[in-house]
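Examining the three-dimensional arrangement
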Amino acid sequence: MSDALERLKQRNRPNVKSRDTSLDSGSPDTSTSRNQESQIPEVTENQANVSKQPLQTKQSTLRLEQGVSSRLQEVCRENGICREVLIEAMFEYCEANPEFLSAVLSEAITKNEYRQQVANMRRAKSMMQKFS
């Protein structure tokens, strides 16, 4: 093993001519048009405020029921938006409308209880198989 390592270390490697790593090549870039300034669209005040504030996001994983996930994806596809934006908008709407939030929370509590029961059954089944 060490003999092969020694042969690799002593092997002659080809010499490669060093290349220019500078960023400025000295010649002007002629591929862009000189009248680009006139092509820039007007920025509205709202767009300017948005661009000044960096978007801070946090990546998270959602576990959804298969049917809900596919229906959610279909709504997003039809409207040209991503799932995260739709969920954010729904949450903000719920925050702004307390009566709607209470209805959503009621449904969420029911779903959560069902999921807990399913998880407990799976856990019990797994333990029974392990110790039987």
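Source: prediction; values computed, not measured.

**Quick notes on the packing of helix α3 (residues 66–79) against helix α4 (residues 83–96)**
The geometry of α3 relative to α4 is characterised by a closest axis approach of 9 Å and an angle of 95° between their N-to-C directions. Overall, the two elements α3 and α4 adopt an arrangement that is roughly perpendicular. Contact residues: Ser-69, Leu-72, Gln-73, Val-75 and Cys-76 in α3; Arg-83, Leu-86, Ile-87 and Met-90 in α4.

**Focus: the pattern of salt bridges**
Any two side chains of opposite charge can pair, given that their charged atoms come close. According to the stated counting rule, one finds three salt bridges in the structure shown. Where Arg-7 meets Asp-3, a salt bridge forms, and the shortest distance between an N and an O atom there is 3.8 Å. In this pair, Arg-7 and Asp-3 are both assigned in helix α1 (residues 2–10), four residues apart and thus about one turn of the helix distant. For the pair formed by Arg-7 and Asp-3, the shared burial category is exposed.

**Regarding the packing of aromatic side chains**
Enumeration according to the criterion identifies one aromatic pair in this entry. Ring geometry for Tyr-93 versus Phe-100: centroids 5.2 Å apart, planes at 75°, classification edge-to-face. For Tyr-93, a relative accessible area of 47% puts it in the partly exposed group.

Scoring rules and cut-offs
Residues numbered from 1 in each chain as written. Predicted model: local features only at pLDDT ≥ 70, side-chain atom pairs only at ≥ 80, totals over all residues. Heavy atoms only, no water. Axes fitted to C-alpha atoms, helices over the stretch in contact; angles between N-to-C directions. Helix = DSSP H or I, 4+ residues; strand = E, 2+ residues; numbered from the N terminus. Parallel < 35°, antiparallel > 145°, perpendicular 65-115°, else oblique. Contact = heavy atoms within 4.5 Å. Salt bridge = Lys/Arg side-chain N within 4 Å of Asp/Glu carboxyl O. Buried < 20%, exposed > 50% of the residue type's maximum accessible area, 1.4 Å probe, protein only. Phe/Tyr/Trp six-rings, centres within 6.5 Å; stacked < 30°, edge-to-face > 60°.

Everything listed here is a matter of coordinates, which is why it stays silent on function.
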